[in-house]
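Per-entry structural report
Listed below are the residues making up each chain.
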Amino acid sequence: MSHFAELMERNRVSHGRRRKVANAVMLSLTGLLTALALVPLFWIIGYVILKGGQYINLDFFIHLPRPLGMPGGGVLSAIEGTLVVTFLAALFAIPPGVLAAFYAARYPNTPLGVVLRFSTDVLSGVPSIVVGLFAYSVIVVPMGHYSGLAGGAALAVIMLPTIIRTTEEMLKLVPATLREASLGLGAPEWKTSLNVLFPAASSGILTGFLLALARAAGETAPLLMTTLGNEHFNISQIFTAGVQGHKSIFTILWSIVNQPVDSLPLTLWKYAQQPYPERVQQAWAVALVLMLFVLIVNATARVWIQRRNRLMKG
Amino acid sequence: MEISESVFKPAVEGDGVAKVNIKDLAVYYGKFRALAGINLSVHEKRITAIIGPSGCGKSTLLRSFNRMNDLTPGCRVQGEISLDGENIYAPGVDVVDIRRRVGMVFQRANPFPKSIYDNVAYGPRLYGIHRKADLDEIVEKSIHQAALWEEVKDKLHQSGLSLSGGQQQRLCIARALAVEPEVILMDEPASALDPISTLRIEELMQELKKDYTIIIVTHNMQQAARVSDYTAMMMIDEQRAGRMIEYDHTNIIFTRPKDKRTEDYVTGRFG
Amino acid sequence: MRKTFESEIQQLKDELLLLGSMVEQQILDSVESLKQRDIEASRHIYKTDAQINAKRYAIEEQVMIAIATQQPMAHDLRLLASILEVAGELERMGDYAKGIATVSIRMGDQPLLKPLIDIPRMAQKSADMLHRALTAFINEDVAAARLIPAEDDEVDGLYTQVYHELMMFVIQDAKVIERANWLLWVAHNLERVADRVTNICERTIFIATGEIKEIGSSSDEST
């Protein structure tokens, strides 16, 4: 037997036992800590379901808020407001975000590229209330009133860094040979980006976008300063009024965004502070709705991506 | 170490016309000279192999033929490469057109994450061909030429990534053929494939050379011996620039090469 | 698969057949020119021999190229190696024919000791054996290849006959010893041709089975 084999043989029993013990200890330790990390998640979810579930019914989703004292009422205005504001945020953030990411991925070492990446990092660290204040002074003040538009803009600024960063990372993951293959066929850079790189990275880009969206939907501070809150916000009402008044579609759309809107986080904040137990109850319900919203967005994203991946891999 | 600078060979009579002529080519990456003093005359509708040890600049040379080196930042080219007598590095040359006429197949098959049909139709669509009837015809013809039709004719709309490695590489060849190039560059096209797939690609090359000029880079000497009509041997000099040591008919390179360095390399005694 | 290689092999076989028929003709012509005392024809044999040598080397070069560029294995390798061997055998048979032509030239005007009968028969037989052996080689016909070596006995028998006849001439008249020697030499060359044909048959079997087996003839080879 070789020298090494002898040494191994000598230590076989004791070392083996030690190894088994160490293995078991580490396994239990990691399991324990993992469970520990999951505790807050399940606790929060459970608590919210418990507290908020009592108040959820269909009415909650389809009715406008009623003044205190009157039974029933819902948070339709808040739901619609959140949808409007996040939609606007997506509209404002995605085109520049995606294009900026393409630029940064393609020309990382040019002055613009370096500045872009640095600014993205800085922007992601700016507190959301500061963003809200910024939107207030730049949009709300000149316009003279609070609006969904301003809220959308503020949320867009918050979404932008996430979108840029994930898009860029996803583009970097696309194998360089795909780009070369396209260029080798004679395609110009922009067509290559559009027809090859973007589809190849699309599931990743979508994930990034949905992550950003879910985060933005839950932001309260910027909305404080830009949308104010509007318990009478009702899109269908605005629509029918506009049609009856023979207004053009653009005017109608403009009037939707150009007024103060309600939103779920804002509503939660308002209700939670009020001294009326009913309102507090409703606040819990709103929390549940918000959580459900985030959950649905994430789940949709995952399903969509899995389906696409299955199609692509054939 | 003497380096024979001028292996510039005008087309040998009866041996096919010179399709591509390289004259005094040097390629720099920043300050580093990667290729020096390259002179080469590639014969039309023949297979020319470029062999040599790792890092001798074979791929750099290959990528000069279709100006893919332009994509590497800091890359500078001196000298000229003429396609049918016209220098492709002349100012004002349409690079897109060069890349259509000089197609490329890469080491690892890289089909787009699209359907088989869309992969092959990608090139023609770039050049404005959009009518379904035209595209159908081109797609079928190209896949036939790549000896892949029987295997995929019933699943043209499945993803290109669902094919096996050898099939994917043939798909990439079909994709390159779809824009009707004149020259096909192959960068170690079979190095990632099993021996049977490799032999199929080699048979395909023999078929293709009837219509296309083929230039292949390979580190597999036996493949170069099997498949090519002409072989160019490259090596780096003391300044680590790649140079062409010998260029001749493949039969000569592998049975009685003129340069001792070539002999050492093909007999496996190099290094 | 390997279409190029297959066609290269076919080309080599064709070239070998061509070389073989050149040699066959050479053998018959050399004996005919001796029989007819046609000195010009004998000299022509020399020219043809140069062509035979050139062709042999051309085949050799082609085989080397095929080995270097096609990495033949197993059966293909045995085939190519055997083609090299057989080309060499054929070239040496050509040299035997040239030797016969040399004798014819040396004999000059001197009459033959007797009208040649057995020697032409030896030439016919050897040439015929060669033809069939080559055909068997090209077609890789092992059965035929196994049968041909036995016919070497016939050639050996004729040689013995010629030998004894010539000895009788010399015993009767010592002055004819030079011509007798030369004629014996011609017979000897033809007998060697037949022996080499046996080698070709051994190679045919080798290609198919991978084994070299010496096929001895029933009479001893004691020349």
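Because the structure is a prediction, the values reported are computed rather than measured. (Residues numbered from 1 in each chain as written. Chains lettered and ligands numbered in written order. Predicted model: local features only at pLDDT ≥ 70, side-chain atom pairs only at ≥ 80, totals over all residues.)

Each helix and strand counted, chain C has seven helices and zero strands in total. By the compact-globule yardstick of 17 Å for 223 residues, chain C fits well, its C-alpha radius of gyration being 19 Å. Residues classed as buried in chain C amount to 36% of the 223 residues present. Long-range pairs, those at least 24 residues apart, make up 82% of the contacts in chain C with a sequence separation of at least 6. (Helix = DSSP H or I, 4+ residues; strand = E, 2+ residues; numbered from the N terminus. Rg over C-alpha atoms; globule rule 2.2 N^0.38 Å. Buried ≥ 20, exposed ≤ 12 C-beta atoms within 10 Å, placed from the backbone. Contact = placed C-beta atoms within 7 Å.)

Moving on, we come to the overall build of chain B. Tallying secondary structure elements over chain B gives 10 helices and 10 strands in all. Relative to a compact globule of 271 residues, whose C-alpha radius of gyration would be 18 Å, chain B shows 19 Å and is just as compact. Expressed as lengths along the three principal axes of its C-alpha atoms, the size of chain B is roughly 60 × 45 × 40 Å. Scored against the burial criterion, the 271 residues of chain B give a buried share of 48%. When contacts within chain B are restricted to residue pairs at least 6 apart in sequence, those whose partners lie at least 24 apart make up 69%.

Right, let's get into helix H7 (residues 176-184) of chain A. For H7 of chain A, the complete set of buried residues consists of Leu-178, Arg-179, Ala-181, Ser-182, Leu-183 and Gly-184 of chain A. Packed against the buried residues of H7 of chain A are helix H8 (189-217) of chain A together with helix H2 (95-101) and strand S6 (102-105) of chain B. Gly-186 of chain A occupies a position one or two residues after H7 of chain A and carries a positive phi of about 105°.

What follows concerns the nonpolar core. The tendency in soluble globular proteins is for nonpolar side chains to be buried side by side. Judged by nonpolar contacts, the single largest core of 132 residues is most densely connected at Ala-89 and Met-159 of chain A together with Ala-174, Ile-184, Leu-185 and Ile-214 of chain B. Looking at this core, the element that brings in the most residues is helix H6 (residues 148-173) of chain A, giving 14 residues. Setting aside anything within four residues of it in sequence, one finds Ala-174 of chain B in contact with Val-120, Ser-142, Ile-143, Gln-145, Ala-146 and Leu-148 of chain B. Formed by 54 residues, the second largest nonpolar core is a distinct cluster that contains Ala-97, Ile-148, Trp-182 and Ala-194 of chain C. (Core = buried A, V, L, I, M, F, W, Y, C linked by C-beta atoms within 7 Å.)

Let us look at the interface of chain B and chain C. Contact residues are listed per partner, giving 10 residues for chain B and nine residues for chain C. Per element, the largest residue contribution to the side of chain B that touches chain C is four residues, and it comes from helix H9 (residues 250-255) of chain B. A class-by-class count of the residues in the side of chain B that touches chain C yields three nonpolar, five polar and two charged. (Nonpolar A, V, L, I, M, F, W, Y, C, P; charged D, E, K, R; others polar.)

Right, let's talk about the packing of helix H3 (residues 76-106) of chain A against H6 of chain A for a bit. Residue and element names in this part refer to chain A. Put simply, H3 and H6 touch, their axes get as near as 6 Å, and they point 35° apart. For the crossing formed where H3 meets H6, the hand is right-handed. Partitioning the contact of H3 with H6 into residue classes produces 22 nonpolar, seven polar and two charged. (Axes fitted to C-alpha atoms, helices over the stretch in contact; angles between N-to-C directions. Left-handed = near helix turned anticlockwise from the far one by under 90°.)

Counting residues at the interface gives 19 residues for chain A and 21 residues for chain B. For the side of chain A that touches chain B, the secondary structure elements donating two or more residues are H7, H8 and helix H13 (277-313) of chain A. Considering each element in turn, the side of chain A that touches chain B owes the most residues, six residues, to H7 of chain A. The residue makeup of the side of chain A that touches chain B, split by class, is 12 nonpolar, four polar and three charged.

Residues and elements named next belong to chain C. Although it is not a glycine, Arg-37 sits at a positive phi angle of roughly 55°. Locating Arg-37 in the fold gives a position in the loop between helix H1 (3-36) and helix H2 (39-70). A tally of 15 C-beta atoms within 10 Å means that Arg-37 is categorised as partly exposed.

Residue and element names in this part refer to chain C. For Asn-139, the location among the structural elements is in helix H4 (residues 118-139). For Asn-139, a count of 12 C-beta atoms within 10 Å translates into the label exposed. Taking the C-alpha atoms as reference, Asn-139 lies 9.3 Å from Lys-13; in sequence the two are 126 residues apart.

Here we take up the environment of Lys-209 of chain B. All names here are of chain B. Along the polypeptide, Lys-209 turns up in the loop between helix H7 (195-208) and strand S8 (213-217). With 165 residues separating them along the chain, Lys-209 and Glu-44 place their C-alpha atoms 8.8 Å apart. Ignoring sequence-local partners within four residues, the contact set of Lys-209 consists of Lys-45, Arg-46, Ile-47 and Ile-214.

A few words now on the confidence of the model for chain C. With 96% of its residues at a pLDDT of 70 or more, chain C shows a mean pLDDT of 91. Taken together, the chains of this predicted complex give a pTM of 0.78 and an interface ipTM of 0.85. (pLDDT = per-residue confidence, 0-100.)

On to the packing of H3 of chain A against helix H4 (residues 111-125) of chain A. Residue and element names in this part refer to chain A. In contact at an axis separation of 9 Å, H3 and H4 are set at 125° when each is read in the N-to-C sense. Relative to H4, H3 is oriented oblique. Crossing angle aside, the handedness with which H3 passes H4 is left-handed. Here Ala-100, Tyr-103 and Ala-104 of H3 lie close against H4, whose contacting residues are Gly-113, Leu-116 and Arg-117. Of the residues that constitute the contact of H3 with H4, the class distribution is four nonpolar, one polar and one charged. (Parallel < 35°, antiparallel > 145°, perpendicular 65-115°, else oblique.)

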